[in-house]
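Observations on the model geometry
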Amino acid sequence: MLTALVAAQQSGMSGHMSMETMMKECQTHCQETTASIDQMKTTMEKAQQSNDPVQMREALAQAQQPLAAMKDHMASCMSMMSMMQQMQGGMGGQMKK
Ligand SMILES: [Cu+2]
(Lines give C-alpha, C1' and ligand atoms only; values in the text may rest on other atoms or scores of the structure.)
Protein backbone atom coordinates (compact mmCIF):
# COMPACT_ATOMS: atom_id res chain seq x y z
CA MET A 1 0.00 0.00 0.00
CA LEU A 2 2.83 2.39 0.89
CA THR A 3 4.71 1.34 -2.25
CA ALA A 4 1.67 2.16 -4.36
CA LEU A 5 1.44 5.59 -2.77
CA VAL A 6 5.10 6.35 -3.44
CA ALA A 7 4.72 5.16 -7.04
CA ALA A 8 1.70 7.40 -7.48
CA GLN A 9 3.61 10.37 -6.12
CA GLN A 10 6.55 9.73 -8.42
CA SER A 11 4.37 9.41 -11.51
CA GLY A 12 2.67 12.62 -10.46
CA MET A 13 5.99 14.42 -10.29
CA SER A 14 7.29 13.15 -13.61
CA GLY A 15 4.01 14.21 -15.16
CA HIS A 16 5.01 17.82 -14.60
CA MET A 17 4.03 18.88 -18.09
CA SER A 18 0.45 17.77 -17.49
CA MET A 19 0.02 20.28 -14.71
CA GLU A 20 -1.30 22.94 -17.07
CA THR A 21 -3.80 20.45 -18.44
CA MET A 22 -4.89 19.58 -14.93
CA MET A 23 -5.34 23.22 -14.06
CA LYS A 24 -7.38 23.85 -17.20
CA GLU A 25 -9.55 20.86 -16.35
CA CYS A 26 -10.06 22.23 -12.87
CA GLN A 27 -10.98 25.62 -14.26
CA THR A 28 -13.56 24.02 -16.54
CA HIS A 29 -14.93 22.00 -13.63
CA CYS A 30 -15.21 25.01 -11.41
CA GLN A 31 -16.87 27.10 -14.11
CA GLU A 32 -19.37 24.31 -14.78
CA THR A 33 -20.05 24.00 -11.08
CA THR A 34 -20.62 27.74 -10.72
CA ALA A 35 -23.05 27.65 -13.65
CA SER A 36 -25.02 24.77 -12.13
CA ILE A 37 -25.15 26.48 -8.76
CA ASP A 38 -26.63 29.58 -10.39
CA GLN A 39 -29.13 27.46 -12.28
CA MET A 40 -30.11 25.51 -9.18
CA LYS A 41 -30.48 28.70 -7.20
CA THR A 42 -32.89 30.13 -9.77
CA THR A 43 -34.93 26.91 -9.94
CA MET A 44 -35.16 26.70 -6.17
CA GLU A 45 -36.09 30.37 -5.75
CA LYS A 46 -38.85 30.04 -8.34
CA ALA A 47 -40.17 26.89 -6.68
CA GLN A 48 -40.12 28.53 -3.28
CA GLN A 49 -41.94 31.60 -4.54
CA SER A 50 -44.58 29.48 -6.26
CA ASN A 51 -45.36 27.80 -2.93
CA ASP A 52 -46.54 24.89 -5.04
CA PRO A 53 -45.63 21.51 -3.53
CA VAL A 54 -45.37 19.88 -6.94
CA GLN A 55 -42.96 22.51 -8.22
CA MET A 56 -40.96 22.42 -5.00
CA ARG A 57 -40.67 18.64 -5.14
CA GLU A 58 -39.60 18.89 -8.75
CA ALA A 59 -36.91 21.44 -7.89
CA LEU A 60 -35.55 19.13 -5.21
CA ALA A 61 -35.54 16.18 -7.58
CA GLN A 62 -33.79 18.27 -10.22
CA ALA A 63 -31.08 19.25 -7.75
CA GLN A 64 -29.97 15.65 -7.19
CA GLN A 65 -28.17 15.22 -10.49
CA PRO A 66 -26.21 18.53 -10.53
CA LEU A 67 -25.28 17.95 -6.88
CA ALA A 68 -23.84 14.56 -7.73
CA ALA A 69 -21.89 16.12 -10.60
CA MET A 70 -20.56 18.82 -8.25
CA LYS A 71 -19.42 16.21 -5.79
CA ASP A 72 -17.47 14.48 -8.56
CA HIS A 73 -15.92 17.76 -9.65
CA MET A 74 -14.88 18.61 -6.12
CA ALA A 75 -13.30 15.19 -5.69
CA SER A 76 -11.17 15.63 -8.80
CA CYS A 77 -10.27 19.20 -7.81
CA MET A 78 -9.16 18.03 -4.40
CA SER A 79 -7.05 15.19 -5.72
CA MET A 80 -5.44 17.64 -8.14
CA MET A 81 -4.72 20.08 -5.33
CA SER A 82 -2.99 17.40 -3.28
CA MET A 83 -0.98 16.33 -6.33
CA MET A 84 0.09 19.93 -6.87
CA GLN A 85 1.07 20.19 -3.23
CA GLN A 86 3.31 17.17 -3.63
CA MET A 87 4.82 18.66 -6.77
CA GLN A 88 5.59 22.05 -5.24
CA GLY A 89 8.85 20.87 -3.75
CA GLY A 90 10.13 19.84 -7.19
CA MET A 91 8.93 23.01 -8.84
CA GLY A 92 11.64 25.13 -7.19
CA GLY A 93 9.38 28.02 -6.26
CA GLN A 94 8.11 28.55 -9.79
CA MET A 95 4.68 28.94 -8.37
CA LYS A 96 3.81 32.30 -6.85
CA LYS A 97 2.42 32.17 -3.38
CU1 LIG B 1 -11.60 23.15 -9.69
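Residues numbered from 1 in each chain as written. Predicted model: local features only at pLDDT ≥ 70, side-chain atom pairs only at ≥ 80, totals over all residues.

With that settled, consider the overall build of the protein chain. Secondary structure summary: the protein chain contains three helices and zero strands in total. When the elements of the protein chain are put in sequence order from the N terminus, they spell out α-α-α. Of all 97 residues assigned to the protein chain, the portion counted as buried reaches 2%. Partitioning the intrachain contacts of the protein chain with sequence separation of at least 6 by distance along the chain shows that 73% fall at a separation of at least 24. (Helix = DSSP H or I, 4+ residues; strand = E, 2+ residues; numbered from the N terminus. Buried ≥ 20, exposed ≤ 12 C-beta atoms within 10 Å, placed from the backbone. Contact = placed C-beta atoms within 7 Å.)

Turning to helix α2 (residues 19-50), a few remarks are in order. In this model, α2 (32 residues) spans 46 Å end to end at C-alpha, consistent with the 46 Å of a helix rising 1.5 Å per residue. Of all 32 residues in α2, one are buried; the element is thus mostly exposed. A positive backbone phi angle near 55° is found at Asn-51, which sits one or two residues after α2. (Expected span 1.5 Å × (residues − 1).)

Another point: the environment of Met-78. The residue Met-78 is located in helix α3 (residues 53-91) in this model. Residue Met-78 is classed as exposed on the basis of its C-beta count, with 11 C-beta atoms lying within 10 Å. Residues Met-78 and Cys-26, spaced 52 residues apart in sequence, show a C-alpha to C-alpha distance of 9.5 Å.

Here we come to unusual backbone geometry. Of note in this structure, Asn-51 is not a glycine but carries a positive phi near 55°. One can find Asn-51 in the loop between α2 and α3. Its 8 C-beta neighbours within 10 Å are what place Asn-51 among the exposed residues.

Before going further, it helps to spend a moment on the confidence of the model for the protein chain. Mean pLDDT over the protein chain works out to 80, with 73% of the residues at or above the 70 mark. The element-level mean pLDDT for the protein chain is lowest in helix α1 (residues 2-14), coming to 50, with α2 highest at 90. (pLDDT = per-residue confidence, 0-100.)

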